[in-house]
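# Remarks on the overall topology
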There are 2 protein chains.
Amino acid sequence: MARTASLSGFPEWLPEERLVEQHVLDTLRRTFELHGFSSIETRAVETVGQLLRKGEIDKEVYGLSRLQDDEGEAATDGGKGKHDPHALALHFDLTVPFARYVVENAGYLAFPFRRYQIQKVWRGERPQEGRAREFTQADIDVVGDGELPFRYDVEIALVIAEALGALPIPDFRLRINNRKLAEGFYRGIGLDDTAGVLRSIDKLEKIGPAKVAELLKTELGATDDQAQAALKLAGIRTEDTSFVGQVRSLGVSNELLEEGLDELEQVIEAAVKRAPGKVIADLSIARGLDYYTGTVVETVLVGHEQLGSICSGGRYDALATKGNRKFPGVGLSIGVTRLVSRILSQDLAKASRSVPTAVLVALNADDTWGEAQDVATQLRSRGIATEVAAKAEKFGKQIKFADRRGIPFVWFTDDEGKHQVKDIRSGVQVDADPATWTPSDEDLHVQVTGTSPE
Amino acid sequence: MARTASLSGFPEWLPEERLVEQHVLDTLRRTFELHGFSSIETRAVETVGQLLRKGEIDKEVYGLSRLQDDEGEAATDGGKGKHDPHALALHFDLTVPFARYVVENAGYLAFPFRRYQIQKVWRGERPQEGRAREFTQADIDVVGDGELPFRYDVEIALVIAEALGALPIPDFRLRINNRKLAEGFYRGIGLDDTAGVLRSIDKLEKIGPAKVAELLKTELGATDDQAQAALKLAGIRTEDTSFVGQVRSLGVSNELLEEGLDELEQVIEAAVKRAPGKVIADLSIARGLDYYTGTVVETVLVGHEQLGSICSGGRYDALATKGNRKFPGVGLSIGVTRLVSRILSQDLAKASRSVPTAVLVALNADDTWGEAQDVATQLRSRGIATEVAAKAEKFGKQIKFADRRGIPFVWFTDDEGKHQVKDIRSGVQVDADPATWTPSDEDLHVQVTGTSPE
């Protein structure tokens, strides 16, 4: 795994690494579908106008231009300026494209609409560990037409806990907060620029409480008491619903705060019961993006906290609108590439072999390729992945070939049509019937298993 | 299906359409893996230099530039001119990126390396039926180190015939030719600009034989006899190996021609036996791209010929090189989006329902959501996709909700804890135990079945 990407920030996996990634993707898909989420994909490109719709883009976006443009000019720099709203750019997440998809297809969807979406996204940021320029996200969202019961916030968190729990990764924690709780609290103590406070609180882990207090005072005109109260709130972190009492003991009263407390309590209460140990109330969680309006979530891998959040998201009540019609939603996004990179770089999981193939059918003469294909067809009809040797080399060479490719079994047919199969790991060779022989369940398909002690 | 893409050339599917696409992708993946092909993905971007490596690009390529570039200029137009070899662009196929991947990772791969690759590619061409700007390709290739036995050309054709045969599509024909055969023949009749002849022959279906003859004479200086001989060769089309006799009867003798005849005969001979009716020798097939050196393949859907080739490719002996080391390969590429678009626009296949969900667990009171989740967990543990209602509305409304979403079963639990399940299509409601009840195989998972008569 000492290879580096030939283009910085654009990781590519070797076949045996890709098997680990496929296992992660398959596991997520299975879990999402078991919970009734439909798959969709959106195009890789959006118009710049769509991406800029919510104001600033705090991600580095890749614009597109046709190399063979008739004018001989890049489309982003010719007639269409680079901030021309009709110019095309690669999407930087799956939430903004999903909101557009919902609005465009509202007449064809049944609400609440549950979807998962697993696709690549692109951000032109400086690559570093855990941050690539091209990476895969796996999102689930539920979107309502007009309204969306809060219960879906609870459900989304539980589905994600189940999905992450099925992956070959170390233990994790969903850290959950609620924007209403935070904003209500800030208003209750007299800080009305709640977005500004959230932006400062968001820097807590990076710059520490003293500097955040300084920011609140200098940039938002907070008093020392206000700054301390905001920091006290952000310091609350509980594994159960006791955060409610801790917030109340700060003596702040506000209607929105009460609403947020009630919502977060519902999430934590359900999680304590249905995903014990996986979810904590963490009142420091802010999330930079401004479209969240309630529940907000970040997720850390225990022992890998410096990797950053591996799954983030929350409630957004106004991301998608069509005239007066609103489509509130709640969703979470798993950083698949970030997870898989870590699994691979630290050998947290391994594939049982490097190819899908379970059996190599050897040739004892060059003109028996057809008969060997017949054997292979019989094995494949029972789901056994099988290759046929291309040349009738010495058996030793054919076995070596299987060994080099990581294929566990070699099939031999002698001139009298007698069949034998050899497990080249143990060397054991037995008579076998191509119509009935089958390997053990462990050998039938590639197995990907975690190596982390848990 | 009357929707049009909101961005021309960038199709997006509704959830029930995506189920058809997923079925196609899953079927291809299963077939490829059964034949021992490993999955890889390459990054979406290549350097322009890499894409231009083989000379001209006859595809429209999308270049990339960072919108937030420090210089305030698009990277493809600032310091990096749009033909700067280090500028980035989206890949337009999967063969060129695969060749680069093989060269870069040669030390980590076991040869012959068999891989499948299913990814999106982008071409900025004018969109039309069967031609999108963003579309999915599914490729299989086998690449050798130094040499690659011809047998893989035969195998690749058979695997593709099996893969296409497993899809819910109309009947199809692989039309196969061999560049050696054609080039040897042209040399044998004294036409040495074989690439030029191939380019003209490639236009046969578009402009007809008279105009091709004209082209051969005016552009390549062919005599009338030479033009007629080249056209005679291109007119040969047989379902068996009788093309060999037909070519020989043209009385041309050339070593390369003999080699090509022998290779094509091997492919057709195996196909007649192992994929009867699916493969024809068609000596008009040329393929525009210049990297093919032997077998060339195009594939038509019977009755949908005007859609263009749904699967193309062939043998390339020199696409990937590393110093003196050559990596010859053979591969075929299925146009998944072209196929799926046709399936959807002509209702050639249908999903049995529009969501993965098999069961909706109804609520008889708002505070029974936890118990309903327990039922759902039991069902999911046996692989039954299950959702829980979010609100305890009247049962009629909850049933209507399931109906609108396309969910076949609704689960009821009364106050005494008695469970019943209702098939809302038939109206039949029976007692059921959440620990053992299971739907029929047809209802357990979404089924996608073809509607075309075959």
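Residues numbered from 1 in each chain as written. Chains lettered and ligands numbered in written order. Predicted model: local features only at pLDDT ≥ 70, side-chain atom pairs only at ≥ 80, totals over all residues.

### A look at the overall build of chain A
For chain A, the count of helices and strands is 14 helices and 19 strands. Based on the C-alpha atoms only, the size of chain A along its principal axes is roughly 90 × 60 × 45 Å. Of all 454 residues assigned to chain A, the portion counted as buried reaches 50%. (Helix = DSSP H or I, 4+ residues; strand = E, 2+ residues; numbered from the N terminus. Buried ≥ 20, exposed ≤ 12 C-beta atoms within 10 Å, placed from the backbone.)

### Regarding the relation of the copies chain A and chain B
Here chain A sits on chain B after a turn of 180° about the axis and a move of 0.0 Å along it, with an RMSD of 0.0 Å. Both copies of the chain, as the preceding transformation shows, are related through a two-fold rotation axis. For chain A, the minimum C-alpha distance to the rotation axis belongs to Leu64(A) and amounts to 2.4 Å. Interface residue correspondence from chain A to chain B reaches 100%, placing this contact among same-surface, isologous pairings. (Least-squares fit on C-alpha atoms with pLDDT ≥ 70 in both. Contact = placed C-beta atoms within 7 Å.)

### With respect to the nonpolar core
With 274 residues, the main nonpolar core has Ala89(A), Ala157(A), Ala89(B) and Ala157(B) as its most contacted residues. Residues in contact with Ala89(A), not counting those within four places in the same chain, are Val45(A), Glu46(A), Val48(A), Leu51(A), Val61(A), Tyr62(A), Gly63(A), Leu64(A) and Leu67(B). (Core = buried A, V, L, I, M, F, W, Y, C linked by C-beta atoms within 7 Å.)

### As for the packing of helix H1 (residues 15-34) of chain A against helix H11 (residues 336-345) of chain A
Residues and elements named next belong to chain A. Running from amino to carboxyl end, H1 crosses H11 at an angle of 135°, the nearest separation of the two axes being 10 Å. Relative to H11, the element H1 is oriented oblique. In this structure, the crossing between H1 and H11 has a hand that is right-handed. Touching Glu17, Val20, Glu21, Val24 and Leu25 of H1 are Val336, Leu339, Val340, Ile343 and Leu344, all from H11. Its residues placed into classes, the contact of H1 with H11 shows eight nonpolar, no polar and two charged. (Axes fitted to C-alpha atoms, helices over the stretch in contact; angles between N-to-C directions. Parallel < 35°, antiparallel > 145°, perpendicular 65-115°, else oblique. Left-handed = near helix turned anticlockwise from the far one by under 90°. Nonpolar A, V, L, I, M, F, W, Y, C, P; charged D, E, K, R; others polar.)

### Quick look at the interface of chain A and chain B
At the junction of the two partners, chain A supplies 60 residues and chain B supplies 60 residues. By residue class, the composition of the side of chain A that touches chain B is 24 nonpolar, 16 polar and 20 charged. Bridge count between strand E3 (residues 62-66) of chain A and strand E3 (residues 62-66) of chain B: five bridges; the pairing is antiparallel. Bridge pairing links Tyr62(A) to Arg66(B) in E3(B). (Pairing = 2+ DSSP bridges.)

### Describing helix H13 (residues 395-405) of chain B
All names here are of chain B. By the burial criterion, the buried members of H13 are Gln398, Phe401, Ala402 and Arg405. Along the axis of H13, the buried positions cluster into a sector of 95°, meaning they face one direction only. Seen from the open side of H13, the exposed residues pointing more than 90 degrees away from its buried face are Gly396, Lys397 and Arg404. At its buried positions, H13 is contacted by strand E14 (359-361) and strand E16 (409-413). One or two residues past the end of H13 sits glycine 406, with phi positive at roughly 85°. (Arc of directions from axis to C-beta.)

### Considerations on the sheet that holds strand E17 (residues 419-423) of chain A
All names here are of chain A. An order of E15-E14-E16-E17-E18 is seen for the five strands of this open sheet, with the pairing classed as mixed. Edge positions in the open sheet fall to strand E15 (386-388) and strand E18 (429-431), since each of these has one partner strand only. Recorded for the sheet is a direction-independent mean angle of 25° between the axes of neighbouring strands. Along the sheet face, helix H12 (residues 369-380) touches strand E14 (359-361), E15 and strand E16 (409-413) and points at about 180° away from the line of E15.

### Comments concerning helix H10 (residues 255-274) of chain B
Spanning 20 residues, H10(B) covers 29 Å between terminal C-alpha atoms, matching the ideal 28 Å at 1.5 Å per step. If you follow the buried residues of H10(B), they end up packed against helix H4 (151-165), strand E7 (172-178), helix H5 (179-188), helix H9 (243-248), strand E9 (279-282) and strand E10 (295-301) of chain B. (Expected span 1.5 Å × (residues − 1).)

### Some details on the sheet that holds strand E1 (residues 38-39) of chain B
Residue and element names in this part refer to chain B. Strand order in the open sheet made by the nine strands is E1-E5-E6-E12-E11-E10-E7-E9-E8, with mixed pairing throughout. Strands at the two margins of the open sheet, each flanked by one partner only, are E1 and strand E8 (237-238). Two strands pair when backbone bridges link them, and E10 and strand E11 (residues 311-322) are joined in this way by two bridges, in the antiparallel orientation. By the bridge assignment, valine 297 is partnered in E11 with glycine 313.

### Some words on the pairing of E10(B)
The element E10(B) is largely enclosed, with a buried count of seven among its seven residues. Burial along E10(B) is two-sided: the face carrying Thr295(B), Val297(B), Thr299(B) and Leu301(B) and the face carrying Val296(B), Glu298(B) and Val300(B) are both buried.

### Observations concerning the environment of Asp240(A)
Residue and element names in this part refer to chain A. Its location among the elements puts aspartate 240 in the loop between strand E8 (237-238) and helix H9 (243-248). Between the alpha carbons of aspartate 240 and proline 149 there is a distance of 23 Å; along the sequence they are 91 residues apart. Apart from residues no more than four positions distant in its own chain, aspartate 240 is found in contact with Ile268 and Val272.

### Focus on unusual backbone geometry
Note on backbone geometry: most residues besides glycine have negative phi, and most peptide bonds are trans. Residues and elements named next belong to chain A. Here phenylalanine 111 and proline 112 are connected by a cis peptide whose omega angle stands at -10°. Mapped onto the secondary structure, proline 112 falls in the loop between helix H3 (95-105) and strand E5 (113-122). One non-glycine residue, aspartate 347, lies in positive phi territory at about 50°. Secondary-structure assignment places aspartate 347 in the loop between H11 and strand E13 (349-351).

### Details of the packing of H4(B) against H10(B)
All names here are of chain B. Between H4 and H10, the least distance of the axes is 9 Å, while the angle of their chain directions is 35°. The hand of the H4/H10 crossing is right-handed. Here Asp153, Val154, Ala157 and Leu158 of H4 lie close against H10, whose contacting residues are Glu263, Gln266, Val267, Ala270, Ala271 and Arg274. Across the contact of H4 with H10, the residue classes tally to six nonpolar, one polar and three charged.

### Quick word on the confidence of the model for chain A
Residues and elements named next belong to chain A. For chain A, the average pLDDT comes to 92, and 94% of its residues sit at 70 or higher. Taken as a whole, residues 70-80 scores under 50 in pLDDT and shows 27 contacts with residues more than four places along the chain or in a different chain. Per the prediction output, this complex has pTM 0.95; the corresponding ipTM is 0.94. (pLDDT = per-residue confidence, 0-100.)

### Quick notes on the environment of Ala195(A)
Along the polypeptide, Ala195(A) turns up in helix H6 (residues 194-201). Note: C-alpha distance between Ala195(A) and Glu183(A) (twelve residues apart in sequence) is 8.1 Å.

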